[in-house]
Amino acid sequence: MPAAGLLGPAEIREIAGRLGVRPSKRLGQNFVVEPGTVRRIAALAALEPQDVVLEVGPGLGSLTLALLAAGADRVVGVEIDPALAAELPRTIAARAPGRADRVTVVAADALRIGARDLPAGSGSPSVLVANLPYNVAVPVLLHLLAVLPSLRRGLVMVQAEVADRMCAPPGSRVYGTPSAKLAWFAAARPAGPVPRSVFWPVPNVDSRLVAFTRRDPPATAASRQEVFAVIDAAFRQRRKTLRAALSGWAGSAPEAERLLRAAGLDPGARGEALDVAEFARLAASRLSTPPAAPRTI
């Protein structure tokens, strides 16, 4: 039997059956059906009394109930599935009636929301705790960190390989675009594995938790969009040297080399050697270094 107030496999299947809901592969839905797992996630989130939790994809409410039990002041759930968004308040009212007024559900796509889309009076979200849809986990996380500066920390469940990339340091074999872009916003660290058996349906990939804490981005004259454009270019052909990989971004390979040298970087290195501060310095070099004069014959 599940712990008091939480959902177990039987309760989750009963709610889904009543709604005529089957987990959608298109929406990346894999529901956690094991109460011990959501209790562990809520405990690892280390919520403080004033925290407003943003939960993306609350689904049938397993993690939502655990967050309330762990002391979340408020939970704002962003759910793309309208049937699940409509049912969640009823589930909370039935299983945690004394805390139902602490939950607000927004029926929306997390990739498209901004601060203005969150309900007035719910408070600015300070913590993200979510079982992110695996097919859009990194874009959702980067988008939320960009549009919700009030998010100071978080704990997210993602596919194991994606977790490795998110936490990878420069020089790592799996360091790449997600690693560098997330590092612009936050410091990320692994927070433990999640067994496949706790999900319905059981996924064919492993899952892991990633914890992050927001930090200031590198000091640079370049915008975030300009820095991210360099990161995208550097990893689009990751086995090439930066001189070659950045030729399209810079306009030519010689111009890429010139900008790299102006930023104090080795044109023969690869993108995986650079940390986010070095990408920022490179983006800024394009702004501060006038283009080379064309050669005349």
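Remember, predicted model here, so these are calculated numbers, not experimental data.

What counts as what
- For every chain, the first residue of the written sequence is number 1, and numbering continues from 1 onward in sequence order.
- Per-residue local features are limited, in this predicted model, to residues with pLDDT of at least 70; the limit for side-chain atom pairs, both in listing and counting, is 80 or more; totals at the level of whole chains, interfaces and linings are taken over all residues.
- Based on all heavy atoms of the structure, the side-chain values leave hydrogens and waters out of the count.
- Secondary structure follows DSSP: runs of H or I at least 4 residues long count as helices, runs of E at least 2 residues long count as strands, and numbering of each begins at the N terminus.
- Each residue is placed in one exposure class: buried if its accessible area under a 1.4 Å probe, protein chains only, is under 20% of its type's maximum, exposed if it is over 50%, and partly exposed if it falls in between.
- What makes two residues a contact is simply this: any of their non-hydrogen atoms within 4.5 Å.
- With residues, only the protein chains shown are counted as cover, and all accessible areas are computed by Shrake-Rupley using a 1.4 Å probe.
- Residues scored as charged are limited to Lys and Arg (positive) and Asp and Glu (negative), so that His and the chain ends carry no count.
- To locate a charge, take atom NZ for lysine, CZ for arginine, CG for aspartate or CD for glutamate.
- Pairing between strands requires that DSSP locate at least two bridges from one strand to the other.
- Lines are fitted to the C-alpha atoms to define the axes, a helix being fitted only along its stretch in contact, and any angle between axes, read from their N-to-C directions, falls within 0 to 180 degrees.
- Each Phe, Tyr or Trp ring, with Trp reduced to its six-membered ring, pairs with another whose centre is within 6.5 Å; inter-plane angles below 30 degrees give stacked pairs, above 60 give edge-to-face pairs, and intermediate values give tilted ones.
- Whether a charge sits over a ring depends on NZ of Lys or CZ of Arg being within 6 Å of the ring centre and within 35 degrees of the ring normal.
- Comment on the angle field: the value is read as roughly parallel under 35 degrees, roughly antiparallel over 145, roughly perpendicular from 65 to 115, and oblique elsewhere.
- Polar here means any residue other than Ala, Val, Leu, Ile, Met, Phe, Trp, Tyr, Cys and Pro, which are nonpolar, and Asp, Glu, Lys and Arg, which are charged; Gly is therefore polar.
- As used here, the term nonpolar core means buried Ala, Val, Leu, Ile, Met, Phe, Trp, Tyr and Cys residues forming a set that is joined through side-chain atoms within 4.5 Å.

Here we take up the overall build of the protein. Helices and strands together make up the secondary structure of the protein, namely twelve helices and nine strands. Over its C-alpha atoms, taken along the principal directions, the protein stretches across nearly 80 × 40 × 30 Å. Out of the 297 residues belonging to the protein, those deemed buried represent 52%. Considering only residue pairs separated by 6 or more positions, the protein has 73% of its internal contacts joining residues 24 or more positions apart. Total accessible area on the protein is roughly 13,600 Å²; 53% of this is exposed by carbon and sulfur atoms. Distance between charge centroids for the protein: 4 Å, based on 36 positive and 25 negative side chains.

One open sheet accounts for seven strands, arranged 4-3-2-5-6-9-7; its pairing is mixed. The open sheet has two edge strands with one neighbour each: strand 4 (103-107) and strand 7 (186-194). Adjacent strand axes in the sheet meet at a mean angle of 20°, parallel and antiparallel pairs treated alike. In the sheet, strand 3 (residues 74-79) pairs with strand 4 via five bridges, with the strands oriented parallel. For Gly77, the partnering residue across the bridge sits in strand 4 and is Val105. Contacts from helix 4 (residues 82-95) reach strand 3 and strand 4, with the element oriented near 170° to strand 4. Where helix 7 (residues 177-185) meets the sheet, its contacts fall on strand 7 and strand 9 (207-214), and the angle it forms with strand 7 comes to roughly 120°.

The relation between two aromatic rings is expressed through the spacing of the ring centres and the mutual angle of the planes. Throughout the structure, instances matching the rule amount to five aromatic pairs. Centre to centre, the rings of Trp184 and Phe228 are 6.1 Å apart; their planes meet at 80°, and the pair counts as edge-to-face. Taken as a pair, Trp184 in helix 7 and Phe228 in helix 8 (residues 224-236) lie far apart in primary sequence, 44 residues in all. For the pair formed by Trp184 and Phe228, the shared burial category is buried. Grouped by ring-pair contacts, the aromatic residues Tyr175, Phe235 and Phe279 constitute a single cluster. Here the guanidinium or amino end of Arg224 rests over the ring plane of Phe228, the centre of that ring lying 5.8 Å away. One cation-aromatic arrangement involves Arg286 over Trp249; the distance from NZ or CZ to the ring centre is 4.8 Å.

Here helix 7 crosses helix 12 (residues 276-288) at 85°, and the two axes come no closer than 9 Å. The angle between the axes of helix 7 and helix 12 places the two elements in the roughly perpendicular class. Residues Ala180, Ala183 and Trp184 of helix 7 pack against Val276, Phe279 and Ala280 of helix 12. Partitioned by chemical class, the residues of the contact of helix 7 with helix 12 number six nonpolar, no polar and no charged.

A separate point is the nonpolar core. Within soluble globular proteins, side chains that are nonpolar tend to cluster in buried spots. One finds Leu128, Leu246 and Phe279 to be the most contacted residues of the largest nonpolar core, which totals 61 residues. Those residues in contact with Leu246 that sit more than four places away from it in its chain are Val230, Ala233, Ala234, Ala256, Leu260 and Leu282. Residues Leu6, Ile12, Ile92 and Phe199 belong to the second largest nonpolar core, which totals 40 residues.

The next thing to look at is the environment of Ile41. As for its position among the elements, Ile41 is in helix 2 (residues 35-44). Spatially, the C-alpha atom of Ile41 lies 44 Å from that of Ala250, the residues being 209 residues apart in sequence. Beyond its immediate chain neighbours, meaning those up to four positions away, Ile41 contacts Leu63, Val129, Leu155, Met157 and Leu209.

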